[in-house]
Amino acid sequence: MNWKNTPSRYGSLSIALHWLMLLLIAAAYACIELKGNFPKGSDTRELLKQWHFMLGLSVFALVWLRLLARALSPTPAIQPAPPSWQNLLAKLMHLTLYALMIGAPLAGWLILSAAGKPIPFFGLELPALIGPNKELAGQIKELHELAGTAGYWLIGLHAIAGLYHHYVARDNTLTRMLPGRN
């Protein structure tokens, strides 16, 4: 399989990044949801929070590679072509998902920075983006949590749209992004 997109199919780089980022996002969500099952200050709770931070920052790092790959390769055509309103909705959905993949991790980094906490990244400590400000940290945290909630809905709608295109519209929307297909 070609690593670059072709006019009819996503390349292996785009496919790998798409599914890897889904796994990273799902794992980040799982960590933050599971942390509530453990007492505050417990080692397990703190470990889940650290993994949430690191996975989110991994999404933030990889989204830039994904955007570069998208800019350098054509977007494969959907066959048969959907109505123009569906193309518009798809563009808006992708724009919103990219905003989520950039904004939510960036907000997390800003929260840790404003809270004066370390920013862990797989054995490294990233620099603070802003100075300590507990009130600002709380405000950004509210936005971060709102983005997280919106993310559940956006990812769900994205998945439903892919299934709709595959099983109802019977076009190649989904198969263009599946690994190992021709």
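Residues numbered from 1 in each chain as written. Predicted model: local features only at pLDDT ≥ 70, side-chain atom pairs only at ≥ 80, totals over all residues. Heavy atoms only, no water.

*Asks:* Which residues make up the environment of cysteine 31, and what values do they have?
*Replies:* For cysteine 31, the position within the fold is in helix H1 (residues 12-34). Sequence separation between cysteine 31 and glycine 108 is 77 residues, and the spatial gap between their C-alpha atoms is 14 Å. (Helix = DSSP H or I, 4+ residues; strand = E, 2+ residues; numbered from the N terminus.)

*Asks:* Explain helix H4 (residues 134-169) to me, and be specific about the residues and the numbers.
*Replies:* Spanning 36 residues, H4 covers 50 Å between terminal C-alpha atoms, matching the ideal 52 Å at 1.5 Å per step. Turning to H4, its buried residues are Ala137, Ile140, His144, Gly148, Gly151, Leu154, Gly162 and His165. In this structure, the buried residues of H4 make contact with H1, helix H2 (43-72) and helix H3 (84-114). Looking at where H4 begins, the residue whose side-chain oxygen comes 3.3 Å from the main-chain nitrogen of glutamate 135 is asparagine 133. Immediately downstream of H4, the backbone of arginine 170 shows phi near 55°, a positive value. (Expected span 1.5 Å × (residues − 1). Buried < 20%, exposed > 50% of the residue type's maximum accessible area, 1.4 Å probe, protein only. Contact = heavy atoms within 4.5 Å. Polar contact = N/O pair within 3.5 Å; in protein donor to acceptor, adjacent residues only side chain to side chain.)

*Asks:* Outline the side chain of arginine 45, supporting the account with residue identities and numerical values.
*Replies:* Positionally, arginine 45 belongs in helix H2. The side chain of arginine 45 sits in the buried core without any salt bridge; glutamate 46 is the nearest counter-charge, 5.2 Å away. Here arginine 45 is in contact with Lys35, Gly36, Phe38, Pro39 and Lys40, once residues within four sequence places are set aside. (Lys, Arg positive; Asp, Glu negative; His and termini not counted. Salt bridge = Lys/Arg side-chain N within 4 Å of Asp/Glu carboxyl O.)

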